[in-house]
Amino acid sequence: MKTVNHWIGGASAEGASGRYGDVTDPATGEVTTRVAFASAAEVDAAVAAARAAYTTWATSSLAQRTAVLFRYRALLDAHRDEIAALITAEHGKVHSDALGEVARGLEIVELACGITTALKGELSTQVASRVDVASIRQPLGVVAGITPFNFPAMVPMWMFPVAIACGNTFVLKPSERDPSASVLLARLAQEAGLPDGVLNVLHGDREAVEGLLDHPGVAAVSFVGSTPIARRIHARATAAGKRVQALGGAKNHMLVLPDADLDAAADAAVSAAYGSAGERCMAISAVVAVGSAGDPLVERIVERARKITIGPGSDPASEMGPLITAAHRDKVAGYVRGAAAQGAEVVLDGTDFTVEGYENGHWIGLSLLDHVPTGSDAYRDEIFGPVLCVLRADTYEEAVELINASPYGNGTAIFTRDGGAARRFQLEVEAGMVGVNVPIPVPVGYHSFGGWKDSLFGDHHVYGNDGVHFYTRGKVVTTRWPDPADAPSGVDLGFPSER
Ligand code: NAD
């Protein structure tokens, strides 16, 4: 069996705690790998390595940092397939989807290659007689990143390229369910010339996470995961005096007006609900159909959903892979099985599904629930599986009210040909990312990603300008140089009244 070790100070570090976790291939149900779980002492070692590297990395020139990042970009590009294969083997998503994840992560490395522009300060000359004021941004120190299972390469790449480009050093605690991709990302960074200790990978569970949250050597924490854990991480790390951004779960709604192109809306709903088996924080999990859109839309969704091929992620014919664990599969199935008793109409039931030759895989088929009551568990909870809920509303206003009543506010989309309705929706809907005829509006690297309400705890979204602001702190320098023509200075205990 393969063992995944920590990556500390530029070298593989065997687990010393004696604790390990199992990593399973979701397509076969077999345990293929064990991953070291860090103890408090190993958290200390990783933070110490990052602190030691910080002294020189924080003062390295922007030209040195960007030279490393450009080489890193080329190496990642050359290793796309290898990274994607590791993701498929441990997460289960199909290879093409894993390649897409790597591509979106690469986009943030490309953003970081341009950090020279993002870190330009501001200067005002002659704000008062012979006084200039400059605003500069400086790195924070050691930053910790804690990431979820569903994007084992992309979500870490939302964080560390920007953090290190800004001059910080980084300790990544990836998900223990699919830890291998993160180690490859760190190895490639070293090959690109990143000094040892700038990027460290520490594996583990709650013990490792809490060790990082409480560690006095960690200045800031970026977290992405489920809402209950995000809320806890934010509370604990801010209480320890750290800067924190904690992105949580979601229930993303797609509003479909009767004038929409219903074929395009159905294509979008099926792709966004069932892609990656629904294990995406930007998955569409609720469609709100307005008026006459409902019946023809559901008909079109069913037609398309029936044609999806489910199978191992490594098979190029597969469009959707298995779920991450058997326990998660059973939990997802429970929502579908309980839906009818709570008032929903079960249009497609994917709970009784397996793939021939892979009977122990974590399989589940596509499920579609219609007329789902807002009080039911299937609507209220983030299911994080291939289950799409359809709700009905009589008017646009009723639909927006329904969406805004959700405690989540990650992404949302409207499908319509009515520009006025789309414009109102952009302004009225309470979510951080909005799509107009775009079902998964994940912002490009130079805009920032983040939700509202229970989908994000903290003030900064990730990457883009918010990422640069999160990983730096501002300093303002006010300067006066004596001029040879100056009159001699004198004591003045008051505020200057003349400028
Ligand atoms: P999770 O919250 O279970 O785990 C996330 C990370 O937290 C992992 O590294 C895990 O080891 C750690 N962790 C888990 N329990 C912990 C505890 N009690 N104390 C301290 N650390 C703990 O999330 P997951 O199941 O890995 O990922 C799926 C979730 O992530 C979904 O809710 C999804 O919506 C969310 N997600 C959100 C975004 C976003 O951008 N908002 C992006 C991707 C995933």
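As annotated in an unreviewed UniProt entry, the protein is methylmalonate-semialdehyde dehydrogenase (CoA acylating) from Streptomyces tremellae.

Quick word on the overall build of the protein
Of regular secondary structure, the protein possesses 16 helices and 23 strands. Relative to the globule expectation of 23 Å for 499 residues, the C-alpha radius of gyration of the protein, 25 Å, shows essentially globular dimensions. Along the first, second and third principal axes, the C-alpha atoms of the protein reach 85 × 60 × 40 Å. Here the contacts in the protein between residues at least 6 apart in sequence split such that 71% fall between residues at least 24 apart.

Considering the site of the ligand
The full set close to the ligand counts 27 residues, and P148, G225, S226, G249 and C281 are the nearest of them. Partitioning the shell around the ligand into residue classes produces 12 nonpolar, 10 polar and five charged.

Points about the sheet that holds strand 6 (residues 122–128)
Overall, antiparallel pairing links the three strands, which are arranged 6-7-23 in an open sheet. The sheet is open, and its two borders are formed by strand 6 and strand 23 (472–480), each paired with just one other strand. Mean inter-strand twist for the sheet, computed between neighbouring axes without regard to direction, equals 25 degrees. Bridge analysis of strand 6 against strand 7 (residues 131–139) gives four bridges, and the strand direction is antiparallel. Its bridge partner being in strand 7, L123 is matched across the sheet by A134.

Some details on the pairing of strand 19 (residues 411–415)
The buried fraction of strand 19 amounts to five of the five residues, a majority that puts the element mostly inside the structure. Pairing geometry for strand 19 and strand 20 (residues 433–436), over four bridges, is parallel. Looking across to strand 20, one finds that T412 is bridged to V434. One crossover worth recording links strand 19 to the parallel strand 20 by way of helix 15 (residues 419–428), and it is right-handed.

Cut-offs used in this document
- Residues numbered from 1 in each chain as written.
- Predicted model: local features only at pLDDT ≥ 70, side-chain atom pairs only at ≥ 80, totals over all residues.
- Helix = DSSP H or I, 4+ residues; strand = E, 2+ residues; numbered from the N terminus.
- Rg over C-alpha atoms; globule rule 2.2 N^0.38 Å.
- Contact = placed C-beta atoms within 7 Å.
- Near = placed C-beta within 6 Å.
- Nonpolar A, V, L, I, M, F, W, Y, C, P; charged D, E, K, R; others polar.
- Pairing = 2+ DSSP bridges.
- Axes fitted to C-alpha atoms, helices over the stretch in contact; angles between N-to-C directions.
- Buried ≥ 20, exposed ≤ 12 C-beta atoms within 10 Å, placed from the backbone.
- Right-handed = clockwise from strand over helix to strand, strands pointing away.

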